[in-house]
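# Residue-level structural notes
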Amino acid sequence: MPKLNENYLHVKDSYLFAEIARRVKAYEESYPEKASRIIRLGIGDVTRPLTPRAVKALQEAAASQAVAETFKGYGPEQGYGFVREAIAAYYGRNGVQVDAGDIFISDGAKSDTGNITELFARDNVILVPDPVYPVYVDTNTMDGKEVVYMDGREENHFLPMPDESVKADIIYLCSPNNPTGACYSREQLKIWVDYALRNQAVILFDAAYEAFVTEPGLPRSIYEVEGARKCAVEFGSLSKTAGFTGTRFSYTVVPGELTFCASSGEEMSLRAMWNRRQSTKFNGTPYIVQCAAAAVFTEEGMEECQENLSYYRENARLITEALARKGIPFTGGVNSPYIWFQCPGGMQSWEFFDYLLENAQVVGTPGAGFGKNGRNYFRLTAFGTHEKTAEAMRRFEELLG
Ligand SMILES: Cc1ncc(COP(=O)(O)O)c(C=O)c1O
């Protein structure tokens, strides 16, 4: 009989979205006449379709696969040079120098932020924020690693900063943040980078929402900070930027400067390890998707994406203005598709979830699903349609009187 990985016993059930679905279904069954009124502003999936340039590139690439002379089979595990160069050029246009050779193409930031845990030994001090994107915690738990939480609270604007009394080895940062929508300033990231360099720690920087940053001066990449190439890995994704949640494309930057010691004391290169890991366990992102991604990373391709993001920004504006009118404190919505706010009337997040569903037929995400610091908070997303978002917020305001 195989002995199973007991660490899976310690992973919390993926309870959040299943429980939301269960409660919505129960409500629909009890009040079938209200079912068609339900508006979902809870999930993090996009609604705008792929951009014209992405679709054209996909179609042309698919057609080229029908011709023996242009057909492509297995590609490089790291991704094609043309798309790695396109991403390096995208960074360059944002004033950041990243070498194409440090960029690894993948099928999702979820996979990569999860898989990278393999490169690290068990006895590291791993810092994650709370509230947190649950993948960071669950993947470490599956690997038998424990995490240490750093609190994101209203007092620190949900942007935890280093605690000098904790000597971390691995630090997860996500900015703009899911679920809180908060975004680190360059000065704050510099403090993290300096801390990491002093402690010989590595920062795993999740930049999945970088394209949502609109306020001038806020960093879209940790490499905007001096010294970050010596201490940070960065994850990017086209899921939200270009509507690729179903098409699947992401990238991970692992600078060659990142060398650390193995438990045995031997110096190892993180880039070489990631390369070895990907070459062994991954056979690449589909060629046609890489062609579409290369089209997205051009100047014109990104302009098209920004039009879609502006659509979501308008929804975020509708949500944040309604909250402001009600005097409810919130973060996010400006540089992020997520809006995070304190549940009115001192309610707990699941209590507020039920209250909003039952009285306004609006579905959001209870903050408790992202950690203990989310217990009194709620997340709404800007990924709906204008009509539904406006209607949801009209009902929200009416409900709160
Ligand atoms: C913070 C964060 N990182 C990564 C991901 C995963 O993105 P991908 O679709 O590229 O796997 C998400 C998706 O919701 C996310 O919120």
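Just so you know, these numbers come straight off a predicted model, no measurement behind them.

## Some remarks on the overall build of the protein
The helix and strand tally for the protein stands at eleven helices and 15 strands. Relative to its length of 401 residues, the protein is compact, with a C-alpha radius of gyration of 22 Å against a globular reference of 21 Å. Classification of the 401 residues of the protein by burial places 52% in the buried group. About 18000 Å² of surface is accessible on the protein, with carbon and sulfur atoms providing 52% of the total.

## Considerations on the nonpolar core
Residues I171, I203, F249 and F297 are the most contacted members of the largest nonpolar core, which totals 94 residues. Counting residues per element, this core draws most heavily on helix α9 (residues 299-325), which supplies nine residues. Both domain 1 (14-43 + 301-400) and domain 2 (52-297) contribute no fewer than three residues apiece to this core. When near neighbours in sequence (up to four residues on either side) are disregarded, I171 contacts L127, M150, W192, Y195, A201, V202, I203 and L204.

## A word on the sheet that holds strand β15 (residues 377-381)
The strands that make up a sheet pair up through hydrogen bonds in the backbone, lying either parallel or antiparallel. If you walk across this open sheet you meet the four strands as β11-β12-β15-β14, and the pairing is antiparallel. Two strands close off the open sheet at either side, each with one partner strand: β11 (330-332) and β14 (365-366). Pairing between strand β12 (residues 338-342) and β15: five bridges, direction antiparallel. From the neighbouring strand, Q342 faces β15, where its bridge partner is Y377. Helix-sheet contacts for helix α10 (residues 349-360) involve β12, β14 and β15, and the interaxial angle to β15 is about 50°.

## Details of the layout of surface pockets
One number sums up the size of the largest pocket: a volume of about 1400 Å³. Lining the largest pocket are 46 residues, with F17, Y133, P134, V135 and D138 sitting closest to its centre. Secondary structure elements with two or more residues in the lining of the largest pocket: α1 (16-30), α4 (109-115), α5 (134-142) and β4 (147-151). The calculated volume of the second largest pocket comes to roughly 650 Å³. What lines the second largest pocket is a set of 26 residues, and nearest its centre among them are N124, Q200, F260, C261 and A262. For the lining of the second largest pocket, the residue count by class is 16 nonpolar, five polar and five charged.

## Structural notes on helix α7 (residues 270-281)
Its twelve residues give α7 an end-to-end C-alpha distance of 16 Å, which sits within 8% of 16 Å, the value for a rise of 1.5 Å per residue. Where α7 starts, the residue carrying a side-chain oxygen 3.3 Å from the main-chain nitrogen of R271 turns out to be S269.

## Comments concerning the pattern of salt bridges
The full count for this structure, using the stated rule, is 27 salt bridges. One salt bridge in this structure joins E164 and R198, with 2.7 Å as the shortest N-O distance. Pair noted here: E164 is in the loop between β4 and β5 (170-174) and R198 is in helix α6 (residues 186-199), with a separation of 34 residues, a long-range link. We note that E164, like R198, is exposed. Taken together, the shared-partner salt bridges connect D99, D102, R229, E257 and R271 into one network.

## Brief notes about the sheet that holds β4
The mixed open sheet is built from seven strands, whose spatial order is β2-β8-β7-β6-β5-β3-β4. On the outer flanks of this sheet lie β2 (103-106) and β4, each paired with one strand and no other. When the angles between neighbouring strand axes are averaged without regard to direction, this sheet yields 25°. Sheet topology places β2 next to strand β8 (residues 250-253); four bridges connect them, and they run antiparallel. Within β8, the residue paired with S106 across the bridge is S250.

## Thoughts on the site of the ligand
In the vicinity of the ligand, 14 residues are found, and the nearest of them are N178, D206, Y209, S237 and S239. Between the ligand and Y209 there is a distance of 2.6 Å, counted from an oxygen atom to a side-chain nitrogen or oxygen. Residue S239 places a side-chain N or O atom 2.5 Å away from an oxygen atom belonging to the ligand. Bound to the protein, the ligand loses 90% of the 400 Å² it would expose on its own. Judged by the fraction of its atoms near the pocket grid, the ligand is located in the largest pocket. A class-by-class count of the residues in the shell around the ligand yields six nonpolar, four polar and four charged.

## Describing the packing of α1 against α10
Interhelical geometry of α1 versus α10 gives an angle of 35° and a closest axis separation of 11 Å. At the point where α1 passes α10, the crossing takes the right-handed sense. Where α1 abuts α10, its residues L16, E19, I20, R23, V24 and Y27 lie against W350, F353, D354, L357 and E358. By residue class, the composition of the contact of α1 with α10 is seven nonpolar, no polar and four charged.

## So, the domain arrangement of the protein
Taken as a whole, the protein is organised into domain 1 (14-43 + 301-400) and domain 2 (52-297). Its C-alpha centre places domain 1 at a distance of 27 Å from the equivalent point of domain 2. Counting each side, the surface lost to burial between domain 1 and domain 2 is near 2500 Å², with a carbon and sulfur contribution of 56%. If you sort the residues of domain 1 by the area they bury against domain 2, M302, N335 and N373 come out on top, with a joint share of 27%. Here domain 1 and domain 2 share two salt bridges between them.

## Concerning the packing of aromatic side chains
Using the criterion set out here, one finds 28 aromatic pairs in the structure. Relative to Y287, the ring of Y80 lies with its centre 5.4 Å away and its plane at 75°, an arrangement referred to as edge-to-face. Taken together, the positions of Y80 in the loop between α2 (52-64) and α3 (81-93) and Y287 in helix α8 (residues 287-296) put the pair 207 residues apart, joining distant regions of the chain. In this structure, Y80 and Y287 share a single accessibility class: buried. The interplanar angle of 85° and the centroid separation of 5.8 Å between the aromatic rings of F341 and F396 together place this pair among those described as edge-to-face. Of this pair, F341 sits in strand β12 while F396 sits in helix α11 (residues 386-400), and the two are 55 residues apart along the sequence. Of the two residues, F341 and F396, both sit in the buried class. Three or more aromatic residues joined by ring pairs make a cluster, and in this case those are Y209, F212, Y311, Y312, Y338 and F383.

Rules used throughout
- Position labels on residues start from 1 in each chain and follow its written sequence.
- At least 70 in pLDDT is required for a residue's local features to be given in this predicted model, at least 80 for side-chain atom pairs to be given and counted, and no such filter applies to totals for whole chains, interfaces and linings, which use all residues.
- Excluded from the side-chain calculations are hydrogens and water; all other atoms, namely the structure's heavy atoms, are used.
- Counting from the N terminus, the helices are the DSSP runs of H or I reaching at least four residues and the strands are the DSSP runs of E reaching at least two.
- Here the globule rule reads 2.2 Å times residues to the power 0.38, and the radius of gyration is calculated from C-alpha atoms.
- Any residue under 20% of the maximum accessible area for its type is buried, any over 50% is exposed, and the rest in between are partly exposed; the area is computed with a 1.4 Å probe on protein chains only.
- Accessibility throughout is a Shrake-Rupley quantity obtained with a 1.4 Å probe, and a residue counts as covered only by protein chains that appear here.
- Only buried residues count toward a nonpolar core. Its members are Ala, Val, Leu, Ile, Met, Phe, Trp, Tyr and Cys residues joined through side-chain atoms within 4.5 Å.
- Boundaries between domains were set according to an automatic or database domain assignment.
- Should any heavy atoms of two residues lie within 4.5 Å, those residues are considered in contact.
- Strands qualify as paired when DSSP identifies two bridges or more between them.
- Helix axes are fitted to C-alpha atoms over the stretch in contact, other axes to C-alpha atoms as well, and angles between N-to-C directions run from 0 to 180 degrees.
- The definitions used throughout rest on a 1 Å grid laid over the protein atoms alone, on which a cavity is an enclosed set of points accommodating a 1.4 Å probe that cannot get out and a pocket is an open set flanked by protein within 12 Å on both sides along at least five of seven lines; lining residues are those having an atom within 4 Å of a point.
- Grid points are joined across faces, edges and corners, and a volume is the space filled by probe spheres set on the points.
- We call Asp, Glu, Lys and Arg charged. Ala, Val, Leu, Ile, Met, Phe, Trp, Tyr, Cys and Pro are nonpolar, and the rest, Gly among them, are polar.
- A helix is expected to span 1.5 Å multiplied by its residue count minus one.
- Whenever a nitrogen or oxygen atom comes within 3.5 Å of another N or O atom, the pair is scored as a polar contact, on the condition that within protein one atom can donate a hydrogen and the other can accept it, and that pairs from neighbouring residues in sequence are kept only if both atoms are in side chains.
- Each reported salt bridge corresponds to a side-chain nitrogen of Lys or Arg within 4 Å of a carboxyl oxygen of Asp or Glu.
- We call a residue near a given molecule or strand whenever any one of its heavy atoms falls within 4 Å of it.
- Whether a molecule sits in a cavity or pocket is decided by its atoms, more than half of which must lie within 2 Å of the grid points.
- A clockwise turn of the near helix away from the far one marks a right-handed crossing, whereas an anticlockwise turn of less than a right angle marks a left-handed crossing.
- By definition, the buried area sums, over both parts, the 1.4 Å-probe accessible area that each loses when the two are put together.
- Think of it this way: a Phe, Tyr or Trp ring, Trp meaning its six-membered ring, pairs with another when their centres are within 6.5 Å, and the plane angle makes it stacked under 30 degrees, edge-to-face over 60, tilted otherwise.

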